[in-house]
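A structural walkthrough
For reference, the chains in residue letters:
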Amino acid sequence: MTVERAPFGELDGNVVEMFTMRAPGGAEVRVTPYGGAILSIRVPDRDGRLGDVVLGFDTLAEYVADTAYFGALIGRHANRIRGGRFSLDGTAHQLPVNNGQNHLHGGPRGFHKVLWSARPLADGVALEYTSPSGDEGYPGNLRATVTYRWSADHALSVDYEAEADAATPVNLTQHTYFNLAGDPARDILGHRLQLNADRFTPVDDTLIPTGEMAPVEGTPFDFRQPTPIGAQIGDGHAQFDAPGGYDHNFVLRGDGSLSLGARVVEPESGRVLELLTTEPGLQFYSGNFLNGEAVGKGGVPYRHRCGFCLEPQHFPDAPNQPAFPSTILRPGERYTSRTVYRFSVAVD
Ligand code: GLA
């Protein structure tokens, strides 16, 4: 394993770096401390050809301007919080609303828009950010570290840790868009997805969970067997109306230990992504809001559904949903979460 550092761009007079973690054989992951973003993941197809399987940009300036969270770390609270409001220990809090009437992905200047400090490791890079009290409306100082590690067998692990000096909601995730064909000029509808989830959390017309945990059985949300993403996306299910496709949290079967949440196979390249996580939920987003306006690496316009996201997380709107696993971190407690993205090729 090697880890190289190089300049990526400049922000407010400071040089922002990028770190390249390379495995023997050349497979590599590149990250930047700006937004903690994954810039690229180059892994082999079944013929051994390396291809970049994530969406993103060539320049730092484009990440600064981006509004769709390409590759970014998300915090303090992933996904939506209704009205940006929650009440904690009797105190009402108002967060900025940046998605219709709701708060999304930590707010407009969430963890995806800050410069993390970075420390290279033998096999990865450790990022750290201290979010001050009042940052995007959240209470208490929060110190977060996220460690990316790449392995010789092409597994990218992401370890999240956080501590706060006052109670605050915390729900960290990673918002990389994948296209395992390595060809974002094509959509991802032929990727075969398997999710380890018997239930999902249906949403209202602003994409806030209704509170229900509905069985996937007999619905287009049943990915318990490998199924092309596009197989039922056009079937007119009422849950597709607001998000224009999949943009839903799935209730994983896992028990809090690192467990397989999703497996995705791209049949032509043979590339396989397995996602293991300690999180109870997984947001599957089929890239419905991509419309060709964002122009990515190599000048490729990111069209409708040319990438998909799998965001391991606690459930959306958890601070307002007593039946969902809590996202409140209290002083003296330690937030930990781990996700592993394991790349390989299908033998069949
Ligand atoms: C998340 C949300 C989506 C969308 C994307 C970014 O995955 O759930 O609704 O906002 O981020 O466009």
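What counts, and at which threshold
Per chain, residue numbering runs from 1 following the sequence as it is written. Given that the model is predicted, a residue must reach a pLDDT of at least 70 before its local features are reported, and side-chain atom pairs must reach 80 or more before they are shown or counted; all residues, however, enter totals for whole chains, interfaces and linings. Based on all heavy atoms of the structure, the side-chain values leave hydrogens and waters out of the count. At least two bridges found by DSSP between two strands is the condition for calling them paired. The way it works is that DSSP assigns letters per residue, a run of H or I at least four long becomes a helix, a run of E at least two long becomes a strand, and they are numbered from the N terminus. Between N-to-C directions, angles span 0 to 180 degrees; the directions come from axes that are lines fitted to C-alpha atoms, helices contributing only their stretch in contact. The distinction between a cavity and a pocket rests on a 1 Å grid over the protein atoms alone: a 1.4 Å probe fits inside a cavity but cannot get out, while a pocket stays open yet meets protein on both sides within 12 Å along at least five of seven lines, and a residue with an atom within 4 Å of a point counts as lining. Grid points are joined across faces, edges and corners, and a volume is the space filled by probe spheres set on the points. Any residue that is not Ala, Val, Leu, Ile, Met, Phe, Trp, Tyr, Cys, Pro, Asp, Glu, Lys or Arg is counted as polar, Gly included; the first ten are nonpolar and the last four charged.

**Topic: the sheet that holds strand S3 (residues 28-31)**
The strand order across the open sheet formed by five strands is S1-S2-S3-S4-S5, and the pairing between neighbours is antiparallel. Here the strands that pair on one side only, and so sit at the sheet edges, are strand S1 (2-11) and strand S5 (50-52). Taken pair by pair, the neighbouring strands of this sheet meet at an average axis angle of 20 degrees, ignoring direction. With four bridges joining them, strand S2 (residues 14-22) and S3 adopt antiparallel strand pairing. In the strand pairing of S3, Phe19 is matched with Val31.

**Concerning the sheet that holds strand S19 (residues 197-201)**
The antiparallel open sheet is built from six strands, whose spatial order is S17-S26-S25-S22-S19-S20. Edge positions in the sheet fall to strand S17 (177-178) and strand S20 (214-215), since each has one partner strand and no second.

**Quick notes on the layout of surface pockets**
Computed from the structure, the largest pocket encloses a volume of approximately 560 Å³. Lining the largest pocket are 29 residues, with Thr67, Ala68, Tyr69, Leu104 and Tyr177 sitting closest to its centre. Partitioning the lining of the largest pocket into residue classes produces twelve nonpolar, eleven polar and six charged. Taken as a whole, the second largest pocket holds about 160 Å³ of empty space. Forming the walls of the second largest pocket are Val170, Glu279, His314, Ser326, Thr327, Ile328, Leu329, Glu333, Arg334, Tyr335 and Thr336. Listed by contribution, the elements that provide at least two residues to the lining of the second largest pocket are strand S27 (328-329) and strand S28 (335-345). Looking at the lining of the second largest pocket residue by residue, the classes come out as four nonpolar, four polar and three charged.

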